[in-house]
Structure formats: C-alpha cells, structure tokens
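# Geometric and topological summary
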Amino acid sequence: MVEAVETVVVGGGQAGLALSYHLGRLGREHVVLERQRLAERWRSERWDSLAFQFPSWSIRLPGHAYETDDPEGFAPRDEVVRFLERYREVIRAPVRTGVRVLTVTARPGRARFLVETDGGCLETANVVAATGPYQAPVLPAAAAAMPSTLFQVHSSRYRNPGALPPGAVLVVGSGASGCQIAEDLVAAGRHVYLSVGRHARMPRRYRGHDIFWWLDLIGRLDQTVDDRPPSKRGPNPLVTGAGGGHDIDLRRYAADGMVLLGHLRGVHSGKLALAPDLDAELARGDEAFAAVTAMVDEHVLKTGLDALPADPIRAAPAGRGPRIDAPHELDLAAAGVTSVVWPPAIAPTSAGSGFPSSTSAASPSTAAGSPPAPASTSSACRGSGSSSPPCSAAWARTPNTSPRISRPRARGPRRLGSAS
Ligand SMILES: Cc1cc2nc3c(=O)[nH]c(=O)nc-3n(C[C@H](O)[C@H](O)[C@H](O)COP(=O)(O)OP(=O)(O)OC[C@H]3O[C@@H](n4cnc5c(N)ncnc54)[C@H](O)[C@@H]3O)c2cc1C
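Anyway, here's the lowdown on the structure attached to this text. Source: prediction; values computed, not measured.

Here we take up the sheet that holds strand S18 (residues 264-268). Across the sheet, three strands lie side by side as S18-S19-S20; this open sheet has antiparallel pairing. Bordering the open sheet on either side are S18 and strand S20 (329-331), each of which pairs with just one other strand. Taken pair by pair, the neighbouring strands of this sheet meet at an average axis angle of 20°, ignoring direction. Note that S18 and strand S19 (residues 271-274) share four bridges and pair antiparallel. When the bridges of S19 are listed, His-268 appears paired with Lys-271.

Put into structure tokens, the structure is as follows:
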C-alpha cells in the first residue's frame, strides 16, 4: 500500500516546521517526516553549555515567538528544544517522528515522486528537503595521522569537559563552535591549545544594543542566498550566548593562558605541523570586528538614530594586540595533550544519509515537466530491513496514467485506491 499525500517535508527541524506552518495556513495537505525526534540537532548534536547565539527577543518562527522574561538573554539549548516543541503544538504540524526517508525517486512520465521510508512508502507531488545543510560529521585527514592514544571527538559529539580524559586538549578551528568549546574547557580548568583559522570577530553588544539588533535594523539578516551567495560570504560571525553572552576575543584567550596556534598543516610522528599564520588570522579577525562596528557607526550617522556614542577602543581593535609568537611545531605528548576536538566540518547529504541530494527537492512544475532522473533504485529500500516488497515494486503495479497533481485541500493524508 502506498500512501498519497500532496507534499512530503523531510526533516523536523525549524525549517521543516516553518514550512509546515505556511502549508497549513494555505490548507495544503502535507506531512513532515523526521527520522529521530523533533529538533534532534538541538537535542543530541550540541554540547551541554551551548546557549542560543542570538538574543531571546529574536527567537521567532512564522506565527510564533519565544516567550521569555529576559529578552536580552540567551536561551539555553534545552529551551530551544522546548520552543520548537511548543511551536509544533501551536501550529499543529503533522509531524511523524522516527520515520527516516531512504530514497526519493521520480517516475518518468508521472508528476509524482515515490518516497521510500523505513516505515512505508508515500507517493507525492512535492518533496521538500528540510534536512539541514549537511548531515554526517566528518573528521579531516589529519585525524587519522594522530597518535592512536589520543581521544578524538567531532564537535557535534562533544558534550562537556568531563567526557574527555584528563590532560590538555587540542581544539582545532576558531569558529564559534571551536571557541565556545575552548571556553567551556578552560572554565573547567583544562589547558587548551587552539588552532586558529579564518574567523570574523564581532562585539556582542555595541552602542547600547546586541550586535544582532543592529544587523537586523540594517537589513543584514534579511539577505537571501541570492543576495549573498556562499562564495561571497566570509566566515560565520564569532559570537557566543554562553554565560549571558560576551565578546569572543582570541587575544584575551592568549593573555589568560590558552595557547594559540596557526593552521594545522599535518601530523607526523606525534607532532603537529603548524602554519606561521596566527598573526595574519588574528589581524583578519580584528578587521572584521572593525568593519561591523564601522557599519553600525555609518548607519547611526546616516539615520541620525539616537544611540550611545561609539567607543573608539572597541570600534577599532585592529592591530591593538601584541604579536603572539606561535610554535611551528607541537609535540603532542610533551605538551600533555590527551584529547582533540575537531571543528564542525560536515559532509553533504549525499555522503551518507541515504537520502540522495540529487532528488532531494522538487516542485510540482519540475515533476510535471521533465522529472529528474531517478537517483536511486529500490535497492535502497531493501536497506530498510522491511520484509515487504520494495515500494517501487508496489508503485510499478499502479497504472501509468497522466500526471495528477493534488489540488490544495485541508484534510489529512489519504491512501491510494481509496475513494477520492
Ligand atoms: C554547534 C551549532 C550551534 C548553532 N547555534 C545556533 C544558534 O545559536 N542560533 C541559530 O539560529 N542557529 C544555530 N545553529 C545553526 C542551526 O542549528 C541550524 O541553522 C538549524 O538547525 C537549521 O535548521 P533546519 O531545520 O534547516 O535543519 P536541522 O535542524 O538540521 O533539521 C533537519 C532535521 O532533518 C532530519 N533528517 C535528516 N535526514 C533525514 C531523513 N533522511 N529522513 C528524515 N529526517 C531526516 C534530522 O534528524 C533533523 O532533525 C547552530 C549550528 C551548530 C552546528
């Protein structure tokens, strides 16, 4: 039996829920399939001390805002989960959890897709992949060259300092994740080596407001992928909401005893080979900080907005720090390093989720016009462990009639073959 539904949304994160809100408002029949639990990324792929990086006043999804007594505060991870659960209730999203989409196949000549899951099959006119930009955490090649005695963990699996063996920790990468994890470790008394890469520092607050208040006002948060394609984007802003939110300042880290290193080039015989680029990266980070404060200053000047005066020291930190000498090599054993935390490098969906990205999103017009070539065969369905025949076999038995695209209707999924 193949269930028919007009639209299948794959993924029960914030994007899948927001889409469900809009489809629901338009009375469009749909279902949201989530392989684990609602908001799974926030439950099992974030560390304990993580707080939302944007202030609580900014947490809102279409039709529902986060309710809080502390709008300038930063919601802990569990609160984000609760917010998404509440959102699902409020918008009555038809989410089915514990249902993993295995393949999506377009049948030539039919304006339909076959969605094979580990819990059965659906036929649909539209599939939306709301699975997040990436799926599988990936360790870089250097991880394989690390001494086998080291404990290595990807940032999505890091939970807290107590989960690492005693000793110093090497954190690779100075994005928001790397810096927040490094701070978490230092707060627990760990000695940390931080390999610094490209980063864009920002003040947490500037001229009386959180930096995201300014970015929202200036319109930067409204930019779409078309406005700023990934190739034109710099690194993600270096911000934290942990501990009530504060600036992330790598020079301050060094002054407080963290050892900053250049880019990790490789690992040979238990020694790290490091690029001589720490100063250049710190200067770039400072320039990003100065650029964002200059943008705010310019906006205030142009609009005559009533704001606190600019702080010249905070506004122009470039070059303010002393040169930090970084080693070109680090003997891990001599440095007492027992663990490595790797940055959130992640593989695209097609690398391992079983949900092929080549057919992961489509619209009725795509389907009705020239259907994309099937990216998979029923073999993926056999991977579900189901003893029932592959979905595509059941599908093949249905007559190949002309395309039928479901019209908007406000009712639940129906089964093929039932009265329609
Ligand atoms: C460490 C870290 C911190 C972050 N902090 C913030 C922050 O403070 N503020 C912020 O705005 N953003 C933050 N982000 C980014 C934010 O997490 C993502 O932007 C957000 O989760 C994207 O939502 P989404 O719905 O697109 O995807 P996701 O949240 O990734 O949801 C996708 C869902 O799809 C499900 N799924 C995947 N494949 C299948 C399948 N085959 N079948 C069925 N279900 C499937 C997954 O289980 C998952 O639940 C952070 C990201 C990271 C890594």
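From this point on, the discussion continues.
Packed helices, taken two at a time, are described by the angle between their axes plus the distance between the axes. Remark: helix H1 (residues 14-25) packs on helix H3 (residues 77-91), axes separated minimally by 10 Å, with the N-to-C direction vectors making an angle of 15°. By the angle class used here, H1 and H3 are roughly parallel. The way H1 lies across H3 gives a crossing that is left-handed. Judged by residue contacts, Gln-14, Leu-17, Ser-20, Tyr-21 and Gly-24 of H1 engage Leu-84, Tyr-87, Arg-88 and Ile-91 from H3. Here the residues of the contact of H1 with H3 are counted per class, giving five nonpolar, three polar and one charged.

This part takes up the site of the ligand. Neighbouring the ligand are 26 residues; Gly-11, Gly-13, Ala-15, Gln-53 and Gly-132 lie closest to it. Taken together, the elements giving at least two residues each to the shell around the ligand come down to H1, strand S2 (30-34) and helix H2 (40-44).

What counts and what doesn't
- Residues numbered from 1 in each chain as written.
- Predicted model: local features only at pLDDT ≥ 70, side-chain atom pairs only at ≥ 80, totals over all residues.
- Pairing = 2+ DSSP bridges.
- Helix = DSSP H or I, 4+ residues; strand = E, 2+ residues; numbered from the N terminus.
- Axes fitted to C-alpha atoms, helices over the stretch in contact; angles between N-to-C directions.
- Parallel < 35°, antiparallel > 145°, perpendicular 65-115°, else oblique.
- Left-handed = near helix turned anticlockwise from the far one by under 90°.
- Contact = placed C-beta atoms within 7 Å.
- Nonpolar A, V, L, I, M, F, W, Y, C, P; charged D, E, K, R; others polar.
- Near = placed C-beta within 6 Å.

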